Amino acid sequence: MPKKLNILFASSEVEPFAKTGGLADVSGSLPKEIRKLNGDIRIFLPHYSTIDSAKYNIKDLPNSEFEIQIGSNKIKGKIKLTSLNVNGKQLTVYFIHNENYFDRGGLYVNPLNNFDYEDNFERFVFFSRGVLEATKIIGWQPDIIHTNDWQTGLIPLYLKTLYGNDPFFANTKTVFTIHNLAYQGIFEKSEFSKTGLPWDVFRIDGIEFYDRINLMKAGIIYSDAITTVSKNYAKEICSSVEFGYGLEGVLAERKSNLFGILNGVDYSVWSPLNDDFIPQKYSGRNIGKKIVNKKALLEKYGLPFNENIPVIGMISRLADQKGLDLIEAASDELLRLDLQLVFLGAGDEKYQLFLERIKERNPEKVGVHIGFSNELAHLIEAGSDMFLMPSRYEPCGLNQMYSLKYGTAPIVRATGGLEDSIEQYNSETKLGTGFKFYDYDKNELSKTVRFALEVFSDKKSWLQIMKNGMKQDFSWKVSAKKYMELYKSLIPE
Ligand code: ADP
Ligand code: GLC
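Each residue is numbered by its place in its chain's sequence as written, counting from 1. For this description, chains carry letters from A and ligands carry numbers from 1, given in the order in which they are written. Where totals are concerned, whole chains, interfaces and linings use all residues; where local detail is concerned, this predicted model gives features only for residues with pLDDT of at least 70, and gives and counts side-chain atom pairs only at 80 or more. In computing side-chain properties, one takes all heavy atoms of the structure into account and sets aside hydrogens as well as water.

Digging into the packing of aromatic side chains
Two numbers describe a pair of aromatic rings. These are the distance of the centres and the angle of the planes. Any pair of Phe, Tyr and Trp rings, taking the six-membered ring for Trp, is counted once the centres come within 6.5 Å. Such a pair is stacked with planes under 30 degrees apart, edge-to-face with planes over 60 apart, and tilted for the rest. In the structure shown here, the tally under the stated rule is 28 aromatic pairs. Measuring from ring centre to ring centre gives 5.2 Å for F17 and F95, while their planes differ by 90°; the resulting arrangement is edge-to-face. On the criterion of sequence distance, the pair formed by F17 in the loop between β1 (6-10) and α1 (22-36) and F95 in strand β6 (residues 89-97) is long-range, its members being 78 residues apart. In terms of burial, F17 and F95 fall into one category: buried. Summarising the aromatic geometry, the rings of F435 and W462 are spaced 6.1 Å apart at their centres and angled 5° between planes, so their arrangement reads as stacked. The helix and strand labels rest on DSSP assignments: H or I over at least four residues marks a helix, E over at least two residues marks a strand, and numbering proceeds from the N terminus. Three labels apply to residues, based on accessible area from a 1.4 Å probe with only protein chains included: buried if under 20% of the type maximum, exposed if over 50%, partly exposed otherwise in between.

As for the site of ligand 1
Around ligand 1, 20 residues are found, and the nearest of them are G22, D25, R317, K322 and G371. The backbone of G22 places a nitrogen or oxygen atom 2.6 Å from an oxygen atom of ligand 1. Within the side chain of N399, a nitrogen or oxygen atom sits 3.2 Å from an oxygen atom of ligand 1. Here the accessible surface of atoms and residues is derived via Shrake-Rupley with a 1.4 Å probe, and residues count as covered only by protein chains that are part of the display. For ligand 1, the accessible surface in isolation is 560 Å², of which the surrounding protein chains cover 94%. Mapped onto the shell around ligand 1, the elements with two or more residues apiece are α1, β14 (311-318), β15 (340-347) and α13 (399-405). Counting residues per element, the shell around ligand 1 draws most heavily on β14, at three residues. The nonpolar class holds Ala, Val, Leu, Ile, Met, Phe, Trp, Tyr, Cys and Pro. Asp, Glu, Lys and Arg form the charged class, and all remaining residues, Gly among them, are polar. Across the shell around ligand 1, the residue classes break down as six nonpolar, nine polar and five charged. Note that the domain bounds were set by an automatic or database domain assignment. Counting the residues that make up the shell around ligand 1, at least three belong to each of domain 1 (6-264 + 477-490) and domain 2 (284-473). We call a residue near a given molecule or strand whenever any one of its heavy atoms falls within 4 Å of it. Side-chain atoms alone can form a polar contact between residues adjacent in sequence; in general such a contact is a pair of N or O atoms within 3.5 Å, and within protein one must be able to donate a hydrogen while the other accepts it.

Considerations on the packing of helix α9 (residues 290-300) against helix α12 (residues 374-383)
Where α9 contacts α12, the two axes come as close as 8 Å, and the packing angle between them is 130°. When the axes of α9 and α12 are compared, the pair comes out oblique. For α9 against α12, the interelement crossing comes out left-handed. Along the contact surface, α9 presents K290, N293, K294, A296, L297 and K300, while α12 presents L376, L379, I380, E381, A382 and G383. Here the contact of α9 with α12 is composed, by residue class, of six nonpolar, two polar and four charged. Axis geometry follows a simple rule: fit a line to the C-alpha atoms, using only the stretch in contact for helices, then measure angles between N-to-C directions, giving values from 0 to 180 degrees. Orientation is classified from the angle alone, with under 35 degrees giving roughly parallel, over 145 giving roughly antiparallel, 65 to 115 giving roughly perpendicular, and any other angle giving oblique. Handedness of each helix crossing follows the sense of rotation of the near helix against the far helix: counterclockwise by less than a right angle gives left-handed, clockwise gives right-handed. Whether two residues are in contact is decided by their heavy atoms: any pair within 4.5 Å suffices.

A short note on the side chain of Q184
Tracing the backbone shows Q184 in the loop between β8 (173-178) and β9 (186-188). The buried category is assigned to Q184, whose relative accessible area is 5%. One polar contact links the side chain of Q184 to the main-chain carbonyl oxygen of L181, over a distance of 3.1 Å. In this view, Q184 contacts W150, F209, N214, L215, M216, G244, Y245 and L247; residues no more than four positions away in its chain are not counted.

Quick notes on the pairing of strand β16 (residues 366-370)
Regular strands place their side chains on alternate faces of the sheet. Only strands that DSSP links by at least two bridges are regarded as paired with each other. Summarising the sheet, β15 and β16 pair through five bridges and their orientation is parallel. Bridge pairing in β16 places V342 opposite G367. For the handedness criterion, the strands are oriented away from the viewer, and a crossover whose path from the first strand over the helix to the second runs clockwise is classed as right-handed. One crossover worth recording links β15 to the parallel β16 by way of helix α11 (residues 349-361), and it is right-handed.

A closer look at the sheet that holds strand β19 (residues 435-437)
Across the sheet, which stays open at both edges, the six strands sit in the order β16-β15-β14-β17-β18-β19 with parallel pairing between neighbours. Two strands bound the open sheet, and with one partner strand each, they are β16 and β19. Going from strand to strand, the sheet's axes swing by 15° on average, the running direction of each strand aside.

Digging into the site of ligand 2
As a matter of local geometry, ligand 2 sits amid 14 residues, with H179, N263, Q321, E394 and G397 nearest to it. At 3.0 Å from an oxygen atom of ligand 2 is found a side-chain nitrogen or oxygen belonging to Q321. Measuring from an oxygen atom of ligand 2, one finds a backbone N or O atom of C396 at 3.0 Å. For ligand 2, whose unbound accessible area comes to 310 Å², protein coverage reaches 93%. It is α1 that provides the largest number of residues to the shell around ligand 2, a total of three residues. Looking at side-chain class alone, the shell around ligand 2 contains six nonpolar, six polar and two charged residues. Shared between two domains, the shell around ligand 2 holds at least three residues of each, these being domain 1 (6-264 + 477-490) and domain 2 (284-473).

This is the structure we're talking about:
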């Protein structure tokens, strides 16, 4: 019988505990699927004070105090834990606790002024080392440590340096997943001593990046395998500075260890048949009931309801990545069309102002909610006719895949995972699941929206595209197996 793998999954955000974007969705759902495949996977995340300990039954692990040297200070931490039930199997979640670092209103950004916390470097140095110390306290030897994005990029480096001779980790291999290369965790060189690392890793083939520290680069260089969240993005990030953000060369050098594995969807959370957040559940068999959600959505946004006017929804971090400038450039033309737009997002003030402005000018056509609301996100998926994702780049993107299951046809720019997951609708063959455009150009966007509206006006065709989408299966099954195979390939026979 093959040995059961011990897999440590470290992430800075995990659903349902803490979330700013898709990383949390993935960190909450991939481990569950790996657990089903019989891997002993355990999740590690920071113990943010915003996590509801009572709700999730989070307890202190007795005698779990540890100390980490950060520069000249000894910083204390301890471990908390809870357990999730996955089809009768237990999945343990460990939280790294330190009040000074994680008792905040936001995860990375201060919600009061929208600035990154000034001590983010220290916070994630502490978390990264805390994970390794915690593992030793628990006495559970990981075969694989799966790290995600810059917040955990130091872990593979620590294993090759400070913990390099530690017999506890002698057989531990690392996987580093890139969820978004634009956020690299770049910090001043003056902070380096906080890591406790030897200075010889601060070099061009180490974590040095234009005389600063780059934590994403640490993950890329020192891990045993690298993955990213779609095949297309894996290609894109090696190809040019547009996607590689200065790390394209480093990535190209590690190409033989870089794998694109498309994210999956947790259909127990994102499916109109199981969705407890929406007023009317439905499926491919009774698609007509979707309209109840459309009514509820428009009511929520204070917009008039008309069955024949398509509602285009968008749920997004308000960041340059997401194509809001393109929407702004095309907005005059888009708002001349017979449609309604419904937005949910938080982030850059300039985009908030833009959305508020078009709402004010088009009170019957545009609905805007600024903020983070999981409940509303579900209602938008269920109540919209179309879903808009005109991203400048998109490593994977999850909402377009959620939209398919809700019969909400995605309108996307064909980049990264959007290209991989959406198939262009063809009016003649009636095949395809959504509407794609390639050039990052306002005319391309409005042309594509016009095409979507034309298809919408023909009820039969629209029913077809909804059905095509709802039939798609992006569950984690396939992708989780690929991760499992990758883990196994790293373990010597
Ligand atoms: P990214 O991780 O780049 O933000 P993804 O498409 O991978 O993009 O995932 C975004 C996730 O975050 C989805 O689950 C989406 O519903 C959710 N989300 C984004 N913004 C909000 C918001 N303002 N309120 C609620 N959920 C949001
Ligand atoms: C990132 C990307 C998004 C991806 C998510 C989960 O935040 O921007 O495209 O779906 O991570 O991997």
